[in-house]
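Close look at the chain arrangement
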Amino acid sequence: PCSPSARTLSNPDITNSTALVEEIIAGASNTTEMNITQNMTKKTFAVIITKTGGITGTTSQLQYDSFSKEAISIVNGNKSIRNISDHDEGVASRILNDSGFFDSDKIFYPPPSGSSDYFEYTVIATLNGKLHAVYWTDVSEGVLNGIKNLPFILAYILGTGRVF
């Protein structure tokens, strides 16, 4: 697998998102019983989707975790929260699982050389004990359609309006 560029790793939105997912996965980080932590991790479903860029430099983010059952949408600083039903969570987790996201060996799809105006997407998720992240742009080549469509499909299911 390729590793993200230093620019991507230093992006505060992505760094904060990664820390949030790690915090969610840890769940019971103060618990000394390893099997309890493993069981919580296996049952945890969490996703953070971030879209940044374009001419106007927009920033949108959708966050969801199965502990709070809340989806948080942040679009250009405006925050909305929606409680998610067990049914919608199940649909979202099936879509994520069936998208090829967790099976993708490639995690970094850079824009073609010379590209200047594009949107960047980052999806970080955990489901059934698996943690994975993928970065791409709207002009990147070779991104699986299942992954490329995740922000829009999950925003429709979990979102509080138009997120992406």
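Predicted model only: the values in this text are computed from it and were never measured.

Comments concerning the side chain of Glu-120
Along the chain, Glu-120 falls in strand S6 (residues 119-127). Judged by its relative accessible area of 9%, Glu-120 falls in the buried class. Among the polar contacts made by the side chain of Glu-120, one reaches the side chain of Tyr-135 at a distance of 2.5 Å.

Here we look at the nonpolar core
Among the nonpolar cores identified, the biggest contains 27 residues, and Val-47, Leu-62, Leu-96, Phe-101, Trp-136 and Leu-158 are the most heavily contacted of them. Among the elements of the structure, strand S1 (45-53), strand S2 (58-65), helix H4 (86-98), S6, strand S7 (130-137) and helix H6 (150-158) are those that each provide at least two residues to this core. Counting residues per element, this core draws most heavily on H6, at five residues. For Trp-136, the contacting residues outside a window of four places in its chain are Tyr-109, Phe-119, Glu-120, Tyr-121, Val-123, Val-143, Ile-147, Lys-148 and Pro-151.

Brief notes about the sheet that holds strand S5 (residues 108-109)
Reading across the sheet, the seven strands line up as S4-S3-S2-S1-S6-S7-S5 and stay open at both edges, with mixed pairing between neighbours. Lying at the two open borders of the sheet, with one neighbouring strand each, are strand S4 (78-83) and S5. The strands that H6 touches are S1, S2, strand S3 (70-75), S4, S6 and S7; relative to S1, the one it contacts most, it runs at about 120 degrees.

Overview of the pattern of salt bridges
Tallying each qualifying case throughout the model produces three salt bridges. Two residues, Asp-86 and Lys-69, come together in a salt bridge whose shortest N-O distance is 2.6 Å. Placement of Asp-86 in helix H4 and of Lys-69 in the loop between S2 and S3 is noted, with a sequence separation of 17 residues between them. By relative accessible area, which is 24% here, Lys-69 ends up partly exposed. Of the charged contacts in the structure, one is a salt bridge between Lys-69 and Glu-89, with a shortest N-O distance of 2.8 Å. Here the residue Lys-69 occupies a position in the loop between S2 and S3, and Glu-89 occupies one in helix H4, the gap between them amounting to 20 residues.

Quick look at the pairing of S2
Within S2, six of the eight residues are buried, which leaves the element mostly enclosed by the surrounding structure. In the sheet, S1 pairs with S2 via eight bridges, with the strands oriented antiparallel. Bridged to Val-47 within S2 is Tyr-64. The hairpin turn running from S1 into S2, its antiparallel successor, is four residues long, and Gly-54 in that turn takes a positive phi close to 80 degrees. Direction of pairing for S2 relative to S3: antiparallel, over a ladder of six bridges. Considered in S3, the bridge of Ser-60 is made with Val-75. Here S2 folds back onto S3, and the loop between the two strands holds four residues, one of which, Lys-69, carries a positive phi near 60 degrees.

About the thresholds
Residues numbered from 1 in each chain as written. Predicted model: local features only at pLDDT ≥ 70, side-chain atom pairs only at ≥ 80, totals over all residues. Heavy atoms only, no water. Helix = DSSP H or I, 4+ residues; strand = E, 2+ residues; numbered from the N terminus. Buried < 20%, exposed > 50% of the residue type's maximum accessible area, 1.4 Å probe, protein only. Polar contact = N/O pair within 3.5 Å; in protein donor to acceptor, adjacent residues only side chain to side chain. Core = buried A, V, L, I, M, F, W, Y, C linked by side-chain atoms within 4.5 Å. Contact = heavy atoms within 4.5 Å. Pairing = 2+ DSSP bridges. Axes fitted to C-alpha atoms, helices over the stretch in contact; angles between N-to-C directions. Salt bridge = Lys/Arg side-chain N within 4 Å of Asp/Glu carboxyl O.

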